[in-house]
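Here is how the chains run, residue by residue.
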Amino acid sequence: MIKFSSLAYIPLLPLIGAFVLGLWGKKMERSSATIVALSTVLGSFAITVIATYTMVKNNGTPLQAVLWEWIYVGRYRVDLALGFDQLTAALMLVVTGVGFLIHVYSTGYMEEDPSYWRFFCYLNLFVAAMSMLVLGQSLPVLFIGWEGVGLASYLLIGFWYSDTEKADAGRKAFITNRIGDFGFLIGTFIVLGLFGTMDFTQLRQAVAAVGPTDAMLTTGIFAGFSVKAVVTAACIAFFIGVTGKSAQIPLYVWLPDAMAGPTPVSALIHAATMVTAGVYLMCRLGFLFTIAPDALVVVAVVGGLTAVFAATIGVAQNDIKKVLAYSTVSQLGYMVLAVGVGAYTAAFFHLITHAFFKACLFLGSGAIIHALHGEQDIRRMGGLRKHIPITHATFLVSTLALAGIVPLSGFFSKDLVLAFASERSASLGILGSVGAFLTAFYMSRLYFMTFFGELRHPDPHMKDHLHKPGLSMEIPLIILAALAVVGGALNLPHVFTHTDGFLDRFLGPVLGTKVLSMTATAEYFFMAKSVGIAVAGIVLGYVLYGRGVPTKAAESFVESGPVHGVLYNKWFVDELYQNTIIRFTRFLGSLAAMVIDPWIIDGILVKLSSGLVSGSGRLLRKPQTGNVQSYAAVFVLAVAIITGWAVW
Amino acid sequence: MADLLNVIVYLPALGALLLASLPPLEHRNLKATAIAVTTLNFLLSLILWSAWSPAHAGFQFETNVGWIQSFGIRYHTGVDGLSFYLILLTTFLVPVTLLGAWNAVETRVREFVIAILVLESGMLGAFVALDLFLFYVFWEAMLIPMYFVIGVWGGQRRVYAAVKFFIFTMAGSLLMLIAILYVANVPTGWDFSWASAVSRNFDPTLQAWLFGAFMLAFAIKVPMFPVHTWLPDAHTEAPTAGSVILAGVLLKLGIYGFVRFAYPMFPQAAIAYAPIIGGLAVAGIIYGAVAAWVQPDMKKLVAYSSVSHLGFCVLGVAAVTVEGMTGAVYQCLAHGISTGGLFILVGVLYERRHTRLLSDYGGLARKVPVFATFLVFTALASAGLPTLSGFPGEFMILLGTFTAASPLDQIVNVPGLGGIRMAQVLTVLGATGVILAAVYLLWMVQKVLFGPLQDPANERIADLSVREIAVMLPLAALMIVLGLFPGIFLKGIEPSVQRLVTTVHQKAGQTYQADAGAKRLNWLPAGPGARPALQRPLRIDPNRLRLAPGRFDALRPEDIRRPPTP
């Protein structure tokens, strides 16, 4: 560990930016707000580069900065400590780098919004929180960022809060994520109960020292269980957190709704960075997941199912951002699948390439929406190829990268994930391939309906007053598209170069290395198969949508019918949750507030006690009839009894 | 400095006396005087803070003189880490509240400020009293002004709410009085001192009764489920200042009573009944949260949220671990600040629109951005967002319940479910309160601030005034300080908690282990491959309760044994 106190400035700079914009942004000139927002993120990026350089120069020794003692209680101590190793470096470069590009893009996209300053305040806050998440050196510090990005996401999704639907979407995102956070907390407690520490470095040492994992524990709170069983429970708990943050089944439902936020937000938070936090967490805790193979099976199956499930929904959506959102859920499924088969580097590789091409796709969709004055329905688009050529070119490149066409970045990363998955189990491989086919198909449907044929917008003059994207929007698009093209070079396959890929070597110290065991011929064959599947999907898309409008066959099979109904309505999962969990909880609340409190508790406590008082009063009142004869009778009777008792 | 502590306790009452004896002042001047007196009191308590040594676990600034000698009643006061920060919270919240509620009360202003000042003295007295009789006097003394605050300056159903408040609290107090008399009746005569009560060992059966009596009084105050029903009514009807003080300080006296009196005096009972207390605490966390979510009335929503948040405190206390109890005291401070803030903000809206119904609002964010910012911020602090005040307390409580050897850490056989690991199950259930807190607080935020602005009456609503901002800013600052630098407070709270926990476990020692061993049943039903019965009696190793620097020994090699080879 090398002390490197400047690490603190990576989250601090954007935090200061958010603070300044929040307090004085309203009164600032637009240009000075821009300078504050952009310079702080650029500063973070610069420090990240310097930190990476310092780390590499010191043979990969991690950097550390301890800010102050945070929670010191009883036997536990949590420092506000930041760490910087290879994994941190890789993700931080993406967060601040892509983050900066999206900040630049946003200056154009949000130009006319009256709350320009507020947007950048939240966006800076997000970068600060995400940096905390990535730099956090222990589980609680990571949790600061984990919840912080949820907050920033909440604020940004509900940015146009006057629209109830958008505010609802923000709230849904925050609460769904909170369910995941609950899992995170429980996982933290289990780990702490077992290993006595929450610090990543110490945890790694503790896990390494465990020895045989099926040994029974004899003391401590987990006595009677094996280490493996306890770690599996912890990993499952963390995975609940992952399903929230990285939008996996069953908690993915917030992400499509999150598209209510401004489009740059969708690109930055809901495609490139925040949603990958779950994958990052699992990579960070890879040493823990590795000794819990049962948990990994769950992870792999959920990831594979999510990849296919979300892709099926993506086929039937007409909102350009919704298609991309489900595509994101599906691609996150691939990353989770990769973790599940133990291929952490492959997961991270796909995370990085996905950040490039999906950010580009979202920003491209933003340019399209911007051009069409807010139109998001692809049925009202078409023919845009000619009107916004740069957006078109970058969108095409990114689409091909996402579909997995050689030699674009998505091909290398997705192929690696699929290869590891099918080595682990044939059925996982099939899930992955089905997902890949669907991906290629829905993306080509999206692409052709948007860019081919003629513009179908109901406003016939739309063509003439399209809002062409300016340079601030086009330059980030071009940079991201370029990265989407060359990103594959980060980790070229072994069969090509006869050496380990760059990422494999770079991340090896943190994530370990896992190599494919298939022969070179088999690997070439596998690649050919992957490309074949992608091409098949694209060809099908071209056949059905090549003229920009759905053909008759597409109309009857994809755009309508019962299957379309189920897919269009997202398998009715939202309705299911609404009518079970949410309704049940509200029912419990009503039961508590309207029946138990006023009738049962108050009924028993208040009415019983008052009844006791008035009842005893009534009882004592009875003998006092005011009738002299009865008093006399009682008197005589009493005298008789007392006398009798005394004489006896 | 002991004198300074006494000055702090009686200064507000003196101020009240002054205002009562002077010819009636103008309303403004009355309020200004009260704020001046209480602010001075806060400054004095800051001076006291500078003289206070946090690392010292015992009492500081003690006064111990004879009072009613023939009954063994002494005037004994002092503070330790359990009470000190609650005193700071009190002296801080009262002036802030008075300033915040500047316009809320316009009738009988003199009586109102006198009631608040007397109330402050009563609360401070209850926090410093180290004599059972003295404590009881202060405990009852604060009941009366609070009763009037609700009953005279409250809303429409104020009389009902005030009487309900009075009856509930009184019922508990009377039982506590009987228990106090029983405890103080020693063979040599009367002895009301806290120290001797704590040093004695009561017979276990007797402990159960005495503990029950004390616990009922404190549980009503907290309030714990199911004796919480007075709170929503009292909060709803009380004027803003009453609600803030009620939530901010008065409820904390219940938790304070647990840790100062009930637990050290009757440790065996406290440990034997830990599962029940912990269970009720978790029931309260969930019950309060789901009930808060369906409230149409903002004040009731915040009131039920208090039931939920205080449930965390009780859970932390029930675990009798250093982490849990420290967390509980810490959560008291955090809750005082954030819920106090929420009540002030709700009061701000009420002053402007005279309605507390969520459905009468909506879309205010655009009209009142400063208010909106504070409301979102305070709601997030209350929901326990890390780096804000709500998080460290909840985290410590859950962690102390989950990971430590504690009286909750036992296996209880539930019919139909088999053995249940109490501590872990309670923690997991309690942690759902963290989810639910986000649900009901963001619900409120959304209903008030977001969506379209529909009601034309809300068009003219004014944003926070300079005075209101001046009230909210220190609260918001404290929410950040409590979230980022808990060490400032923990270093004072922890030594005293440490001492308390050690006392409880040492005194309970023998009996507790035998009981716990009997209760420890098999977990998982018998059958092929069933785990062997756990024979281990619950062991409270004093070493594990003591501070070990940089502890890293939870899993030692000798803790692991290879599985028996078949």
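Residues numbered from 1 in each chain as written. Chains lettered and ligands numbered in written order. Predicted model: local features only at pLDDT ≥ 70, side-chain atom pairs only at ≥ 80, totals over all residues. Heavy atoms only, no water.

Asks: I would appreciate a short explanation of the overall build of chain A in the present structure.
Replies: Each helix and strand in chain A was counted, giving 27 helices and four strands. Projected onto its principal axes, the C-alpha coordinates of chain A cover approximately 120 × 65 × 55 Å. Expressed as a percentage of its 648 residues, the buried residues of chain A come to 61%. Excluding contacts between residues fewer than 6 apart, the proportion of contacts in chain A whose partners are at least 24 apart in sequence is 79%. (Helix = DSSP H or I, 4+ residues; strand = E, 2+ residues; numbered from the N terminus. Buried < 20%, exposed > 50% of the residue type's maximum accessible area, 1.4 Å probe, protein only. Contact = heavy atoms within 4.5 Å.)

Asks: Explanation requested: the pattern of salt bridges in the structure shown.
Replies: Side-chain pairing between opposite charges can occur once the charged atoms of the two side chains come close. Applying the stated criterion across every chain, the model contains 19 salt bridges over all chains. Arg379(A) is paired through a salt bridge with Asp377(A); the nearest N and O atoms lie 2.8 Å apart. Exposure remark for Arg379(A): the relative accessible area of 44% places this residue in the partly exposed category. Classification of Asp377(A) as buried rests on a relative accessible area of 16%. Asp233(B) is paired through a salt bridge with Arg157(B); the nearest N and O atoms lie 3.6 Å apart. (Salt bridge = Lys/Arg side-chain N within 4 Å of Asp/Glu carboxyl O.)

Asks: Even after reading the chapter, I still don't get the interface of chain A and chain B, so can you show me in this structure?
Replies: Frequently, the measure chosen for interface size is the accessible area that the parts lose on association. Taken together, the contact pairs 70 residues of chain A with 82 residues of chain B. When the two sides are added together, the surface that chain A and chain B hide from each other amounts to roughly 7,000 Å², 68% of it contributed by carbon and sulfur. Counting across the interface, chain A meets chain B through one salt bridge. The closest approach of N and O atoms between Arg75(A) and Glu323(B), which form a salt bridge, is 3.3 Å. At the junction of chain A and chain B, the tally comes to 17 residue pairs in polar contact (both at pLDDT 80 or more). Examining the composition of the side of chain A that touches chain B, we find that 17 residues originate from one element, helix α6 (residues 164–195) of chain A, more than from any other. Broken down by class, the residue content of the side of chain A that touches chain B amounts to 44 nonpolar, 15 polar and eleven charged. (Buried area = accessible area lost by both parts, 1.4 Å probe. Polar contact = N/O pair within 3.5 Å; in protein donor to acceptor, adjacent residues only side chain to side chain. Nonpolar A, V, L, I, M, F, W, Y, C, P; charged D, E, K, R; others polar.)

Asks: Looking at this structure, I do not really get the pairing of strand β3 (residues 76–84) of chain A. What am I missing?
Replies: Counting buried residues in β3(A) gives seven out of nine residues, a clear majority hidden from the surface. From the end of strand β2 (residues 63–73) of chain A to the start of β3(A), which pair antiparallel, there are two residues, and Gly74(A) there has a positive phi angle of about 50°. (Pairing = 2+ DSSP bridges.)

Asks: Would you take a moment to explain the sheet that holds strand β1 (residues 2–3) of chain A for this structure?
Replies: By way of backbone hydrogen bonds, the strands of a sheet pair with one another, either parallel or antiparallel. All names here are of chain A. With mixed pairing, three strands are arranged side by side in an open sheet as β1-β2-β3. Two strands bound the open sheet, and with one partner strand each, they are β1 and β3. Where helix α2 (residues 30–57) meets the sheet, it contacts β2 and β3, and its direction lies at approximately 90° from that of β3. (Axes fitted to C-alpha atoms, helices over the stretch in contact; angles between N-to-C directions.)

Asks: How should the packing of aromatic side chains be read in this particular structure?
Replies: In this description, an aromatic ring pair is defined by two values, namely the gap between the centres and the angle between the planes. Tallied over the entire structure, the rule returns 62 aromatic pairs over all chains. Centroid distance Phe135(B) to Trp139(B): 5.4 Å. Interplanar angle 40°. Geometry classified as tilted. Remark: Trp139(B) and Phe135(B) occur in helix α5 (residues 132–153); sequence separation between them is four residues, near one turn of the helix. Ring centres 6.4 Å apart and planes at 40° place the aromatic pair Phe258(B) and Tyr263(B) in the tilted group. For Tyr263(B), a relative accessible area of 0% puts it in the buried group. Taken together, the ring pairs in this structure connect Trp70(A), Phe143(A), Trp146(A), Phe184(A), Phe189(A), Phe222(A), Phe238(A), Phe391(B), Phe395(B) and Phe402(B) into an aromatic cluster. A cation over a ring is seen here: Arg586(A) above Trp293(B), with NZ or CZ 4.9 Å from the ring centre. Above the plane of the ring of Trp102(B) lies Lys31(B), whose end atom (NZ or CZ) is 5.6 Å from the centre. (Phe/Tyr/Trp six-rings, centres within 6.5 Å; stacked < 30°, edge-to-face > 60°. Lys NZ or Arg CZ within 6 Å of the ring centre and 35° of its normal.)

Asks: Could you clarify how one ought to interpret the side chain of Thr263(A) in this entry?
Replies: Assignment of secondary structure puts Thr263(A) in helix α10 (residues 263–272). With residues up to four places along the chain from it excluded, the contact list for Thr263(A) reads Tyr109(A), Lys321(A), Phe362(A), Ser365(A), Gly366(A) and Ile369(A).

Asks: Please clarify how the nonpolar core should be interpreted in this entry.
Replies: A general feature of soluble globular proteins is that nonpolar side chains tend to end up buried together. Core analysis: the largest hydrophobic core is formed by 446 residues, its most contacted members being Tyr263(B), Val448(B) and Leu449(B). Of all the elements, helix α15 (residues 344–371) of chain A adds the most residues to this core, at 19 residues. Ignoring anything within four residues of it in the chain, the contact list for Leu449(B) reads Tyr161(A), Gly363(B), Leu364(B), Ala365(B), Phe371(B), Ala372(B), Leu375(B) and Val376(B). Membership of the second largest hydrophobic core comes to five residues, among which are Ala403(A), Ile405(A), Ala440(A) and Ile538(A). (Core = buried A, V, L, I, M, F, W, Y, C linked by side-chain atoms within 4.5 Å.)

Asks: Would you mind going over unusual backbone geometry with me for this structure?
Replies: Peptide bonds are, in most cases, trans, and in most cases residues other than glycine have a negative phi. Residue Pro407(A) is reached from Val406(A) by a cis peptide bond, and omega for that bond is 0°. Looking along the chain, the bond that leaves Val222(B) and enters Pro223(B) is cis, with omega of -10°. Counting through the fold element by element, Pro223(B) comes out in the loop between α8 (204–221) and α9 (230–237). The phi angle at Phe61(B) is positive, at roughly 55°, despite the residue not being glycine. Of note, Phe61(B) is situated in strand β1 (residues 60–68). Residue classification places Phe61(B) among the buried residues on the basis of a relative accessible area of 10%. At Arg108(B), a residue that is not glycine, the phi angle is positive and equals roughly 45°. Here Arg108(B) shows up in the loop between α3 (81–100) and α4 (109–128). Judged by its relative accessible area of 55%, Arg108(B) is exposed.

Asks: Can you walk me through helix α23 (residues 520–545) of chain A in this structure?
Replies: Helical geometry note: an α-helix holds 3.6 residues per turn, so side chains three or four residues apart project in the same direction. All names here are of chain A. The terminal C-alpha atoms of α23 lie 37 Å apart, and with 26 residues this matches the ideal 38 Å at 1.5 Å per residue to within 8%. All of the buried residues along α23 are Glu 523, Phe 526, Met 527, Ser 530, Val 531, Ala 534, Gly 537, Ile 538, Gly 541, Leu 544 and Tyr 545. Tucked into the core, α23 has its buried residues touching α17 (389–403), α18 (409–424), α19 (426–451), α21 (494–497) and α24 (552–557). (Expected span 1.5 Å × (residues − 1).)

Asks: Explain the packing of α4(B) against α5(B) to me, please; I cannot follow it from the model alone.
Replies: Packed helices, taken two at a time, are described by the angle between their axes plus the distance between the axes. Residues and elements named next belong to chain B. Running from amino to carboxyl end, α4 crosses α5 at an angle of 155°, the nearest separation of the two axes being 8 Å. Between α4 and α5, the crossing angle belongs to the class labelled roughly antiparallel. You can see that α4 and α5 cross each other, and the crossing is left-handed. Contacts from Glu 111, Phe 112, Ala 115, Ile 116, Val 118, Leu 119, Ser 121, Gly 122, Met 123, Gly 125 and Ala 126 of α4 reach α5 at Phe 135, Phe 138, Met 142, Pro 145, Met 146, Val 149 and Trp 153. In the contact of α4 with α5, the residues fall into 14 nonpolar, three polar and one charged. (Parallel < 35°, antiparallel > 145°, perpendicular 65-115°, else oblique. Left-handed = near helix turned anticlockwise from the far one by under 90°.)

Asks: Would you mind going over the confidence of the model for chain B with me for this structure?
Replies: Any segment with low pLDDT has predicted coordinates that should not be analysed in fine detail. Residue and element names in this part refer to chain B. When pLDDT is averaged along chain B, the result is 84, and 89% of the positions lie at 70 or above. Predicted confidence for residues 510–566 stays below pLDDT 50, and this span has 101 contacts to residues more than four positions away or in other chains. With pTM at 0.88, the complex prediction returns an ipTM value of 0.87. (pLDDT = per-residue confidence, 0-100.)

Asks: How should I be thinking about a nonpolar patch on the surface in this particular structure?
Replies: All names here are of chain A. Residues Phe 584, Phe 587, Leu 588, Leu 591, Met 594, Val 595, Trp 599, Ile 600, Ile 604, Leu 605 and Leu 608 make up a contiguous nonpolar surface patch of roughly 1,100 Å² in combined accessible area. Positionally, Leu 605 belongs in helix α26 (residues 573–621). For Leu 605, a relative accessible area of 34% corresponds to the partly exposed category. (Patch = residues over 30% accessible without salt bridge, like charges linked within 9 Å, V, L, I, M, F, W, Y side chains within 5 Å. Areas by Shrake-Rupley, 256 points an atom, 1.4 Å probe, with all protein chains shown as cover.)

Asks: Before we go on, may I ask you to explain the confidence of the model for chain A in this structure?
Replies: In this model, chain A carries an average pLDDT of 88, and 100% of its residues clear a pLDDT of 70 or more. Taking the mean pLDDT of every element in chain A, the minimum, 78, falls on α24(A) and the maximum, 94, on helix α11 (residues 277–284) of chain A.

Asks: Could you clarify how one ought to interpret the environment of Gly58(B) in this entry?
Replies: All names here are of chain B. Examined against the element boundaries, Gly 58 turns out to sit in the loop between α2 (27–51) and β1. On the accessibility criterion, Gly 58 (12% relative accessible area) is buried. When the C-alpha positions of Gly 58 and Asp 80 are compared, they lie 5.9 Å apart, and in sequence the two are 22 residues distant. In this structure, Gly 58 is in contact with Val 79, Asp 80 and Arg 499, ignoring residues within four places of it in sequence.

Asks: When you look at α4(B) in this model, what are you seeing that I'm missing?
Replies: Between its first and last C-alpha atoms α4(B) spans 29 Å; for 20 residues at 1.5 Å apiece the expected length is 28 Å, and the two agree. α4(B) sits mainly inside the fold: 17 of its 20 residues count as buried.

Asks: Sorry, what's going on with the environment of Val515(A) here?
Replies: All names here are of chain A. Relative to the helices and strands, Val 515 is located in the loop between α22 (502–511) and α23. The exposure class of Val 515 is exposed, given its relative accessible area of 59%. Once residues within four sequence positions are removed from consideration, Val 515 is found in contact with Phe 420 and Asp 500.

Asks: Is there a simple way to explain the environment of Met396(B) in this structure?
Replies: On the secondary structure map, Met396(B) appears in helix α16 (residues 390–403). Judged by its relative accessible area of 1%, Met396(B) falls in the buried class. Remark: the alpha-carbon pair of Met396(B) and Ser359(B), spanning 37 residues in sequence, is separated by 36 Å. Residues within four places of Met396(B) in sequence aside, it is in contact with Ile71(A), Val73(A), Glu323(B), Gly324(B), Thr326(B), Gly327(B), Tyr330(B) and Leu490(B).

Asks: Help me understand the side chain of Thr399(A) in this model?
Replies: Residue and element names in this part refer to chain A. Tracing the chain through its elements places Thr 399 in helix α17. Among the polar contacts made by the side chain of Thr 399, one reaches the main-chain carbonyl oxygen of Phe 395 at a distance of 2.7 Å. Beyond its immediate chain neighbours, meaning those up to four positions away, Thr 399 contacts Leu 361, Met 443 and Tyr 447.

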